[in-house]
Amino acid sequence: MRVTSTHQPLPAAQAAPSRVDEAADLLVTLARMPQGHPDRAAVRDRAIEQLLPLAQHLARRFRDRGEPFDDLVQTATLGLIKAVDRFDPDRGTDFAGFAIPTIIGEIKRHFRDRTWAVRVPRRLQELRLMINEANSALTQDLGRSPTVAQVAAHLGISEEEVLEGMEGARAYNATSLSTPVSGDVGGGTALGDLLGDIDPGFDTVEARATLAKALRTLPERERRIVLMRFCGNLTQQQIADQVGISQMHVSRLLARTLARLRDELADLRR
């Protein structure tokens, strides 16, 4: 999405010169009024009302770019109000020539500040616009997409800055996690299905490391019995058959060994 515009003749203003002329006269009157004049607010409001078609026309240039038209009209109206309050007829500039850049600038700021899916520094937002404009100009001149080096040379910046601006531009639009994965034959895989999750085993890494250290303090037979019981999931009778002792002896050894392990773990955690 590119927010660009040029100052062209305003059809709306040309179609209703009486409203523009009336607004221009009102602005001259407004400039001549002292700040405390009782009619100043009414004259200002009347001038803004006469010039609202100008704001609506400029907002219409930016419609269908992802923002609600009502929001664009509101933003353009804010720019119009700023232009009315800042306009000085003594500078010799007609109001339309002063107001159009002010209103368009306000709309561009709206796109820059409000429409990014992820907030990035203003420097990167402005760099993105510069890169887009350079890409358009160079593509027209070269007949193909320009390289990073050509964009950098055109803008007078480094290639690293161009790459940074291109990377930052990815934050303008967000992709839904429900988006189907391209190339998925079955069509049942969404982007969110490919995202990693926290491995529940991470929570037990420290405990496992501590337990392994405590196990190394056990005699060979007791360590073997514990591993067969809790890692091999063997019953006490199966362990007894493999070790060559009674099931009751295995039970006593397990109870004694587990008590020792608890003491070892407590010491290691201190």
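Preceding block: the structure.
Just so it is clear, the model here is predicted, and its values are computed rather than measured. (Residues numbered from 1 in each chain as written. Predicted model: local features only at pLDDT ≥ 70, side-chain atom pairs only at ≥ 80, totals over all residues. Heavy atoms only, no water.)

J.: Break down the overall build of the chain for me, with residues and values.
T.: The number of helices and strands found in the chain is 12 helices and zero strands. Order of helices (α) and strands (β) in the chain, N terminus to C terminus: α-α-α-α-α-α-α-α-α-α-α-α. Relative to its full complement of 270 residues, the chain shows a buried share of 30%. In the chain, 57% of the contacts between residues at least 6 apart in sequence involve partners at least 24 apart. For the chain, the exposed area adds up to about 17,000 Å²; of that, 52% sits on carbon and sulfur atoms. (Helix = DSSP H or I, 4+ residues; strand = E, 2+ residues; numbered from the N terminus. Buried < 20%, exposed > 50% of the residue type's maximum accessible area, 1.4 Å probe, protein only. Contact = heavy atoms within 4.5 Å. Areas by Shrake-Rupley, 256 points an atom, 1.4 Å probe, with all protein chains shown as cover.)

J.: Can you lay out the packing of helix H6 (residues 122–142) against helix H7 (residues 148–155) for me, pointing to particular residues and giving the numbers?
T.: Contact geometry of H6 with H7 gives a least axis separation of 10 Å together with a crossing angle of 110°. Judged by the angle between their axes, H6 and H7 are roughly perpendicular. For the pair H6 and H7, the contacting residues are Met130, Ile131, Ala134, Asn135, Leu138 and Leu142 in the first and Gln150, Val151, His154 and Leu155 in the second. Taken together, the residues that form the contact of H6 with H7 break down as seven nonpolar, three polar and no charged. (Axes fitted to C-alpha atoms, helices over the stretch in contact; angles between N-to-C directions. Parallel < 35°, antiparallel > 145°, perpendicular 65-115°, else oblique. Nonpolar A, V, L, I, M, F, W, Y, C, P; charged D, E, K, R; others polar.)

J.: Now, about the environment of Arg61: what can you tell me, with residues and values included?
T.: Relative to the helices and strands, Arg61 is located in the loop between helix H3 (40–60) and helix H4 (69–86). Considering only alpha carbons, one finds Arg61 and Ile104, 43 residues apart in sequence, at a separation of 9.6 Å.

J.: Explain the nonpolar core residue by residue, including any values.
T.: In this structure, Leu27, Leu80, Val84, Phe95 and Ile103 are the most contacted members of the largest nonpolar core, which totals 28 residues. Mapped by element, the contributors of at least two residues to this core are helix H2 (17–32), H3, H4 and helix H5 (95–114). Looking at which element gives the most residues to this core, the answer is H3, with eight residues. Excluding residues that lie within four positions of it along the chain, Leu80 makes contacts with Ile48, Leu51, Leu52, Ala55, Phe95 and Ile103. The next biggest cluster of nonpolar side chains, apart from the first, holds 14 residues, and it includes Met228, Ile239, Leu254 and Leu261. (Core = buried A, V, L, I, M, F, W, Y, C linked by side-chain atoms within 4.5 Å.)

J.: Break down the packing of helix H9 (residues 205–215) against helix H12 (residues 247–269) for me, with residues and values.
T.: Where H9 contacts H12, the two axes come as close as 9 Å, and the packing angle between them is 120°. Looking at the two axes, H9 sits oblique to H12. The hand of the H9/H12 crossing is right-handed. Contacts between H9 and H12 involve Thr210, Leu211, Lys213, Ala214 and Leu215 on the former and, on the latter, Leu261, Glu264, Leu265 and Leu268. In the contact of H9 with H12, the residues fall into six nonpolar, one polar and two charged. (Left-handed = near helix turned anticlockwise from the far one by under 90°.)

J.: Outline the side chain of Glu106, supporting the account with residue identities and numerical values.
T.: Checked against the element boundaries, Glu106 lands in helix H5. The class of Glu106 is buried, set by a relative accessible area of 9%. In this structure the side chain of Glu106 is engaged in a polar contact, spanning 3.1 Å, whose partner is the side chain of Lys82. Sequence-distant contacts of Glu106, that is, excluding residues within four places in its chain, are made with Thr75, Leu78, Gly79 and Lys82. (Polar contact = N/O pair within 3.5 Å; in protein donor to acceptor, adjacent residues only side chain to side chain.)

J.: Would you mind going over H9 in detail, with residue names and values included?
T.: Burial in H9 covers these residues: Thr210, Ala214 and Leu215. For H9, the buried positions fall inside an angular range of 140° around the axis, keeping them on one side. Those residues of H9 hidden inside the fold are in contact with helix H10 (220–230) and H12. (Arc of directions from axis to C-beta.)

J.: I'd like a description of the pattern of salt bridges, backed by residues and values.
T.: In the structure shown here, the tally under the stated rule is eight salt bridges. A salt bridge links Asp45 to Arg44, with the nearest nitrogen and oxygen atoms 3.8 Å apart. Arg44 sits in the partly exposed class, given a relative accessible area of 26%. Between Arg223 and Glu220 there is a salt bridge, with its nearest N and O atoms 2.7 Å apart. Here Arg223 pairs with Glu220, and both are found in helix H10, just three residues apart, close to one helical turn. Using a relative accessible area of 22% as the deciding quantity, one classes Arg223 as partly exposed. (Salt bridge = Lys/Arg side-chain N within 4 Å of Asp/Glu carboxyl O.)

J.: I'd love a proper account of the packing of aromatic side chains, names of residues and values included.
T.: For the structure on display, the rule yields two aromatic pairs. Ring centres of Phe87 and Phe95 lie 5.2 Å apart, and the angle between their planes is 90°; this geometry places the pair in the edge-to-face category. Residue classification places Phe87 among the buried positions, given a relative accessible area of 13%. What makes Phe95 buried here is its relative accessible area of 8%. Aromatic pair Phe87 and Phe98: ring centres 5.9 Å apart, planes at 45°, arrangement tilted. Taken as a pair, Phe87 in the loop between H4 and H5 and Phe98 in helix H5 lie far apart in primary sequence, 11 residues in all. Grouped by ring-pair contacts, the aromatic residues Phe87, Phe95 and Phe98 constitute a single cluster. For Arg63, the ring lying beneath its charged end belongs to Phe69, and the centroid distance is 4.3 Å. Sitting above the plane of the Phe230 ring, Arg229 keeps its charged end 5.7 Å from the centroid. (Phe/Tyr/Trp six-rings, centres within 6.5 Å; stacked < 30°, edge-to-face > 60°. Lys NZ or Arg CZ within 6 Å of the ring centre and 35° of its normal.)

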